[in-house]
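Structural description and commentary
What follows is each chain in one-letter form.
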Amino acid sequence: MEKRFITTPIYYVNDVPHIGHAYTTIIADMMARLYRLQGHETYFLTGTDEHGQKIEEAAKSRGFSPKEYADEVSGKFKALWDEFEISYDHFIRTTDEYHIKTAQNAFDIMYKNDDIYKGEYEGFYCVSCETFFPESQLIDGEYCPDCGKQTRLIKEESYFFRLSKYQDKLLKWYEDEEKCILPKGKKNEVVSFVKGGLKDLSITRTSFEWGIKLPESLNEPKHVMYVWLDALINYLSALGYTRDEKNMDFWNNAMHIVGKDILRFHAVYWPAFLMSLNLPLPKHVAAHGWWTRDGKKMSKSIGNVVNPKEVADTYGLEQFRYFLLREVPFGQDGDFSQKAFINRINSELCNDLGNLLNRIIGMSSKYSNYEINSKDVLKYFTDEIETANALCKNALLASDEVATNRYLEELWKVLNLANASIAKYEPWNLIKDGEKDKALALVAMVSNLLAKVAVLLSPAMPKSADKIAKALSFDVNTNLYNKLIKDGGIIDFMAVATEPLFAKVEVPSLENVVEVKKEEKKVEVINIDEFKKCVIRVGTILECENIEGSDKLLKFQIDLGEEKPRQIISGIAKFYNPSELVGKQVCVLANLKPAKIFKHLSEGMILSAEDGKLTLLSTLSKVQNGAIVG
């Protein structure tokens, strides 16, 4: 048996957990449970990433210190994973003192290896993505190519990592290790990026303070580490790197589960850092896709963000795990459709799995007083057992590529075989025709098929597998895995009457629980004089049109009773058609400092209310343009 190390990314504490975080974590949890089932000593790491300019600014806007803000959001992640019974071995925070020390030690090693040098950086920086981009990659010369937000041109003193030095070594790693990046299509994207040429990477900042300071030996108090260098080191600091080293032997067999948006950091920057540290590279970096909802990108402003806790509370955690792991081919984007979710619960979980257990218990009760003896199974049903064993092997091959959907599909082929066998051989007729031995062997055969499925289903749906095991009086453990799966054997059972595994869903129940609730913010109390600083006027929309190149921005000309109309840019294109707004009166914050949005001047803000949908504010009856709201 081997030691296995599996990680999620450490989640950035700028928001509460959403379905994407849950998907990553449940995949990693399934893989960790599978490794343990196979007898491997496994270390499963998750946690939170808590440094950087985005955190510093988010905390300030909410009236918190960065550490207070990080404490609150990190606590929400840990609480959710605990409630979801995620089987992590350690939850790391990048504000932990031992991590800070390890990051500084790693920086020092890379510096002494001549892979870090001091220079000056000038580039376009996206605060939201915590990433620099060359001007050639920007949209319209100023907008982030990943998130679409406006970048900042930054010029500051910086330390650089010699990423260019490792270009050829990285390409050799990709070539030599077939499964170093999964799936294959994602690997091709990374190889193409690296072949395009790597530039040295800015790895420190001086324009903010919320980050890990450089080693004292460098005497650079104004520098903090680039958040991605700090964050990636967590995989080593959790194992004791440069400290007690007590768990570093797990590092020899590491797998990172990540979203596709952070693949470059894990498949280019991270292995280059490891090469500089003279450490082994990960065995696998596996990147999954994004989730949409009913075909649309999830957005708080639209109100269609799926809250994993509320979905699990509504339909069941086991059902939620199954849907996430089964619905989407690994690496591709997936759609969260309530209809598809309910169909899988009713068809696959209730009918294919739950009803098979009920039929086995019913037949064993009627034919053999709940005792299920497998002595004649291979006499009558060798082909079915061999087919099931082959399907189980296929499932394990799929797990080697983190293809959780194919893993479960192969298990459901075993269930389909079991259900089809009952329909084909009709044990009730075998009993009637005097072939009781064959009928009892049939019940034993389908029981063994269900047991094989339950063993391999346990990493994905641990509680459901445990219920099946208790109903047939066996324990899911490594010894049984070896007997039923590795060796392809069969066992006897004693059935026990039990409640149905799953309940059918008759009507959708997620009408009002799909939006991630916004964080409570500290509300700053102001006096009437401060409110009077806000000049809110009523105006009539004269013109409204879409802005070319943007799917969310509208350009307005609004009559506020002034010499000429105001031009205002507003991101409400997904809620209103321009033609239906012309002639409407709206409320406008009229003394807002003008700003350029998508290269268009905006001279105010149209006010709206949001409760899952967006509604523009107006007056009960028409008033004169320019009237003051107060």
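The coordinates are above.
Residues numbered from 1 in each chain as written. Predicted model: local features only at pLDDT ≥ 70, side-chain atom pairs only at ≥ 80, totals over all residues. Heavy atoms only, no water.

A few points about the overall build of the protein chain
Quick reminder of the rule: Under the DSSP-based scheme used, a helix requires at least four consecutive residues in state H or I and a strand at least two consecutive residues in state E, with every element numbered from the N terminus. Throughout, a contact is declared for two residues whenever any of their heavy atoms are within 4.5 Å. For the purpose of counting charges, residues Lys and Arg are taken to be positive, whereas Asp and Glu are taken to be negative. His and the chain ends are not included. To locate a charge, take atom NZ for lysine, CZ for arginine, CG for aspartate or CD for glutamate.
Each helix and strand counted, the protein chain has 21 helices and 27 strands in total. With respect to the principal axes defined by its C-alpha atoms, the protein chain has extents near 100 × 70 × 45 Å. Expressed as a percentage of contacts within the protein chain between residues at least 6 apart in sequence, the contacts between residues at least 24 apart total 75%. Within the protein chain, one finds 80 positive and 90 negative side-chain charges whose respective centroids are separated by 1 Å.

Quick word on the sheet that holds strand β6 (residues 152-161)
By way of backbone hydrogen bonds, the strands of a sheet pair with one another, either parallel or antiparallel. Selection rule: Here, a strand pair is defined by DSSP locating no fewer than two bridges between the strands. Axis lines are fitted through C-alpha atoms, for helices just across the contact stretch, and the angle between N-to-C directions can take any value from 0 to 180 degrees.
Pairing is antiparallel in the open sheet, where 4 strands are placed in the order β5-β4-β6-β8. In this open sheet, the two strands that pair with only one neighbour each are β5 (131-133) and β8 (201-202). Relative to β5, strand β4 (residues 116-126) runs antiparallel, the two sharing 3 bridges. The residue bridging Tyr125 from the neighbouring strand is Phe132, located in β5. Docked against the sheet, helix α9 (residues 263-276) engages β5, β6 and β8, running at close to 35 degrees with respect to β6.

Concerning the pairing of strand β11 (residues 254-259)
As a reminder of what qualifies: Burial classes: relative accessible area under 20% of the type maximum marks a residue as buried, over 50% as exposed, and values in between as partly exposed (1.4 Å probe, protein chains only). The handedness of a crossover follows from its direction of travel: if, with the strands pointing away from the viewer, the path from the first strand over the helix to the second runs clockwise, the crossover is right-handed.
Along β11, 6 of the 6 residues are buried, which leaves the element largely enclosed by surrounding structure. Both faces of β11 are covered, namely the face carrying Ala254, His256 and Val258 and the face carrying Met255, Ile257 and Gly259. Pairing between β11 and strand β12 (residues 284-288): 5 bridges, direction parallel. Bridge assignment links Gly259 to a residue of β12, and that residue is His288. A crossover links β11 with its parallel partner β12, the connecting element being α9, and its sense is right-handed.

Concerning the packing of aromatic side chains
Each aromatic ring pair is described using two quantities: the centre-to-centre distance and the angle formed by the ring planes. Under the convention used in this document: Aromatic contacts are taken between Phe, Tyr and Trp rings whose centres are within 6.5 Å, Trp giving its six-membered ring; a plane angle under 30 degrees counts as stacked, one over 60 as edge-to-face, and the others as tilted.
Counted according to the given criterion, the structure contains 30 aromatic pairs. Centre to centre, the rings of Tyr23 and Trp291 are 5.4 Å apart; their planes meet at 90 degrees, and the pair counts as edge-to-face. One end of the pair, Tyr23, is in helix α1 (residues 19-37); the other, Trp291, is in strand β13 (residues 291-293), and 268 residues separate them in sequence. As far as burial versus exposure is concerned, Tyr23 and Trp291 are alike and both buried. Geometrically, the ring pair formed by Trp251 and Trp270 is edge-to-face, given 6.0 Å between the ring centres and 75 degrees between the ring planes. With Trp251 in the loop between α8 (234-237) and β11 and Trp270 in helix α9, this residue pair connects regions lying 19 residues apart in the sequence. Accessibility classification places Trp251 together with Trp270 in one group, the buried group.

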